[in-house]
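# Observations on the model geometry
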Amino acid sequence: EDGYDLWLRYAPADAARADVISRHATAIVAPGDSATLKAATDELQRAVAGMTGTKPALSAAPSSGALWLATPKTAPSLPVKMQALGPEGYAIRSTQVEGKPVTLIAANSDIGLLHGAYHWLRLAQTGANLDALDIMSAPKIGLRLLNHWDNLNGTVERGYAGQSIWDWWRLPDYKGPRYTDYARANASIGINGTVLNNVNAKADSLTAPYIAKAAALADVFRPYGIKVYLSVKWTAPMELDGLKTADPMDPAVAAWWKAKADEIYRAIPDFGGFLVKANSEGQPGPQDYKRTHADGANMLAAAVKPHGGIIMWRAFVYAHDNPDDRAKQAYSDFKPLDGQFADNVIVQVKNGAIDFQPREPFHPLFGAMPKTPLMMEFQITKEYLGQSTHLTYLGPLFQEVLEADTYAKGKGSTVAKVIDGSLDGHRLTGIAGVANIGVDRDWSGSIFNQADWYAFGRMAWDTGLSADAVAREWAAMTFSPDPRVVDPVVAMMMGSREAAVDYMTPLGLAHVMATGHHYGPGPWISNLARPEWNPVYYHKADAAGIGFDRTRTGSDAVSQYAPPLARRWAKPATTPEQDLLWFHHLPWTYRLKSGDTLWDGMVHHYDRGVAYVADMQRSWDSLRPLIDAERFAQTEAFLRIQRREAQWWRDASIAYFQSVNRLPLPAGAAAPEHDLNWYKALSFPYAPGHN
Ligand code: BDP
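None of these values were measured; they are calculated from a predicted model.

### Here we look at the overall build of the protein
Looking only at helices and strands, the protein features 20 helices and 16 strands. Here the protein has a C-alpha radius of gyration of 26 Å; the compact-globule value for 691 residues is 26 Å, and the two agree. Across the protein, contacts joining residues at least 24 apart in sequence account for 72% of those joining residues at least 6 apart.

So, in structure tokens, the structure goes:
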């Protein structure tokens, strides 16, 4: 058990459970011969054989206890409201055919059947009742994508699971088995697209050899309902073909992109489209030619439009010559463009206004651009949440953001409703997660990081799922459905993200990590070229107080939110304490709801975070008899690292802030192990994930 099989382990069930599963999968009936249907029946056979020891046969007609996969093409009068299922959804129903009990999996397409098969397998793996099933499921969000920040040289930006799984060198000729397993894993959680290359893109990925490589991957993924997309570099026409400009209004530039799109679609007829990082962190873009983001996006949109492609245009922008609060800049740039984007453009917005911090309020653009489809960008790879070793389950972060109320159209205007299109009536809808996948045997850098990939897919399919429910499924499939395993594992996971917030960035602090690799604490850093790269810019601690004033007396970022929120966040007393220092600069003596001063409260948060990790260690140790040795040992070792590093975060942060405020520690709190200079002197020149 090295984790390679992810949540698709299909380990032998105990005798009673194996009997239940066998009785509900005596045979598989799946008329048709598509590659997708074959993927579904292969998976069902492999899984049932794994769990029960007996591989169910394929049979032509439903027999008693069979799994019956049917579309309106193969079974014209299905007892299901097929319209509600859409192109990707499915129904699972315990029913009878000619008096014989069967489990019907019905869908409008073979892809829907594949998703339905995976759902049934989830039920089988997690110990659910398999009788009297009556399930309908269809995704509310159309594009459910992974974004790989994979470079053509095999490195992965912000990747902590080894090199890229795309073997560009040996593609297109060699398509290793890992690509199929990647597709299976993604299909099993409903992901239907993947952007292969880094948003900091190289033009080379648009050359003929690389298009052929992408096409080879698309061929592997197609049966699993997964489309391929590419990140593009704005100046590709200049770099690849010597054009004099990349001005989107120049007809030669538009013609170049149109020809490039035609070339790609010849190789990949169902190519999804382009993802663009432009005028962001040094990347070129249309603003270099005094054009807007909309001008740029629309020019590309016209190129892919005849083929049914889309443009995902990122809103992650902030400029070095803009003195305004970085948290405000994307809104300032994009809000005025609302209504100007072509109908096959969707603007991709990070969940928060800064950058994938352990906690940020939701991005002010959500709800603020009603005429433009917006898609969510989450980061599954944990750049700021402990990278590969810390156990920090992201389900609660995803849930918190999706449930956040923008008040854009009154109460209940949640971020989920913005991105599923229901708030403003958009048909083009999407959600992306920056992948945490690499060539490590366990794919994600740790067994528990697999849960973040899993949770992203499940919550992208159904934004109403709770982080807790998803963690339960994952733990049952990954370890064992035994409640003696599931309960403590889920309990560990559910508090783990808050623990990271506590030991890294309590009470609304953000971006206090060390330079470049973002590994570990660096709240003292103040020497970087751009002000907004420095932690001191974000926490603004001085002898009197700490925090970023984003109210009217400060940057006034609060006014980018709907009035009820702007009002609530304008005053410390009505601001949730979890966001306190995000919105306010407060004296160290400010009283928290607990009665603690701000400073004492901060120290208590740090301590709570460290204590939580120690609790996780104890819980995990108690699971030793119930978990296989290899996966047990990895988590045990990683928790040891996390315990040590949580302490490091706590001690370094306290040592620094104490050097600024000169306040004593609250009673009972331990002094940092080392002095501030010791923490400042630490260096990590070869930390992973940063190129
Ligand atoms: C930041 C990362 C950087 C990415 C950038 C982005 O540190 O590596 O290129 O976001 O999203 O989080 O473009």
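### What about the packing of helix α2 (residues 35-52) against helix α3 (residues 110-125)?
Two elements in contact, α2 and α3, have axes separated by 8 Å at closest approach and are oriented at 10 degrees. Here α3 runs roughly parallel to α2, going by the angle between their axes. Of the residues in α3, those touching α2 at Thr36, Leu37, Ala39, Ala40, Glu43, Leu44, Ala47 and Met51 are Asp110, Ile111, Leu113, Leu114, Ala117, Leu121 and Ala124. Classifying every residue of the contact of α2 with α3 gives 12 nonpolar, 1 polar and 2 charged.

### Considerations on the site of the ligand
All residues in the neighbourhood of the ligand are listed as Glu157, Arg158, Val199, Asn200, Lys277, Glu281, Phe316, Asp355, Phe356 and Glu383. Class assignment of the residues belonging to the shell around the ligand gives a composition of 3 nonpolar, 1 polar and 6 charged.

### Quick look at the UniProt feature "domain: Glycosyl hydrolase family 67 C-terminal" (unreviewed entry) in the protein
Here the UniProt feature "domain: Glycosyl hydrolase family 67 C-terminal" (unreviewed entry) sits at residues 445-668. In this annotation, residues 445-668 is assigned 55% helix and 2% strand; the end-to-end C-alpha distance for the span is 37 Å.

### Let's talk about helix α14 (residues 483-504)
Taking 1.5 Å per residue, 22 residues should reach 32 Å; α14 reaches 32 Å between its end C-alpha atoms and fits that length. At serine 496, α14 is deflected by roughly 40 degrees, the largest bend along its length.

### Here we look at the packing of helix α4 (residues 177-188) against helix α5 (residues 208-221)
Close contact between α4 and α5 brings their axes to 9 Å; oriented N to C, the two are set at 55 degrees. Taken together, the axes of α4 and α5 lie oblique to each other. Seen from above, α4 lies across α5 with right-handed handedness. Taken together, the residues of α5 that come into contact with α4 (itself represented by Tyr179, Thr180 and Ala183) are Leu217, Val220 and Phe221. Within the contact of α4 with α5, the residues separate by chemical class into 5 nonpolar, 1 polar and no charged.

### Brief notes about the UniProt feature "domain: Glycosyl hydrolase family 67 catalytic" (unreviewed entry) in the protein
As annotated by UniProt and renumbered to match this structure, "domain: Glycosyl hydrolase family 67 catalytic" (unreviewed entry) occupies residues 125-443. In this annotation, residues 125-443 is assigned 27% helix and 14% strand; the end-to-end C-alpha distance for the span is 21 Å.

### What to know about the nonpolar core
In terms of nonpolar packing, the biggest core is built from 216 residues, with Ile105 and Ile311 touching the most fellow members. Once residues lying within four places of it in the same chain are set aside, the contact partners of isoleucine 105 are Leu67, Trp68, Leu69, Tyr90, Ile92, Leu113, Gly116, Ala117 and Trp120.

### Quick look at α3
When the terminal C-alpha atoms of α3 are compared, their 22 Å separation across 16 residues agrees well with the 22 Å that a helix rising 1.5 Å per residue should span. The buried fraction of α3 amounts to 14 of the 16 residues, a majority that puts the element mostly inside the structure. Positive phi appears at glycine 127, one or two residues downstream of α3, with a value of about 80 degrees.

### A look at the environment of alanine 330
As for its position among the elements, alanine 330 is in helix α9 (residues 326-334). Residue alanine 330 is classed as buried on the basis of its 24 C-beta neighbours within 10 Å. Note: C-alpha distance between alanine 330 and tryptophan 313 (17 residues apart in sequence) is 12 Å. Setting aside anything within four residues of it in sequence, one finds alanine 330 in contact with Ala315, Phe316, Val317, Ala353 and Leu365.

### As for the sheet that holds strand β3 (residues 66-70)
Think of a sheet as strands paired side by side through backbone hydrogen bonds, with each pair either parallel or antiparallel. Taking strand neighbours across the sheet as the criterion, the 6 strands line up as β2-β1-β3-β5-β4-β6 in an open arrangement whose pairing is mixed. Either end of the sheet is taken by a strand with one partner, and the two such strands are β2 (57-58) and β6 (134-137). Where strand β1 (residues 27-29) and β2 come together, 2 bridges link them in parallel fashion. Residue isoleucine 28 lies in a different strand from β2, and its bridge partner there is leucine 58. Packed on one face of the sheet, α2 meets β1, β2 and β3 and runs near 170 degrees to β1. Running over the sheet, α3 touches β3, β4 (90-97), β5 (100-106) and β6 and is turned about 75 degrees from β4.

Cut-off values and rules
Residues numbered from 1 in each chain as written. Predicted model: local features only at pLDDT ≥ 70, side-chain atom pairs only at ≥ 80, totals over all residues. Helix = DSSP H or I, 4+ residues; strand = E, 2+ residues; numbered from the N terminus. Rg over C-alpha atoms; globule rule 2.2 N^0.38 Å. Contact = placed C-beta atoms within 7 Å. Axes fitted to C-alpha atoms, helices over the stretch in contact; angles between N-to-C directions. Parallel < 35°, antiparallel > 145°, perpendicular 65-115°, else oblique. Nonpolar A, V, L, I, M, F, W, Y, C, P; charged D, E, K, R; others polar. Near = placed C-beta within 6 Å. UniProt positions renumbered as here; feature names shortened; annotations may be inferred. Expected span 1.5 Å × (residues − 1). Bend = angle between axes of the 7 residues up to and from the residue. Left-handed = near helix turned anticlockwise from the far one by under 90°. Core = buried A, V, L, I, M, F, W, Y, C linked by C-beta atoms within 7 Å. Buried ≥ 20, exposed ≤ 12 C-beta atoms within 10 Å, placed from the backbone. Pairing = 2+ DSSP bridges.

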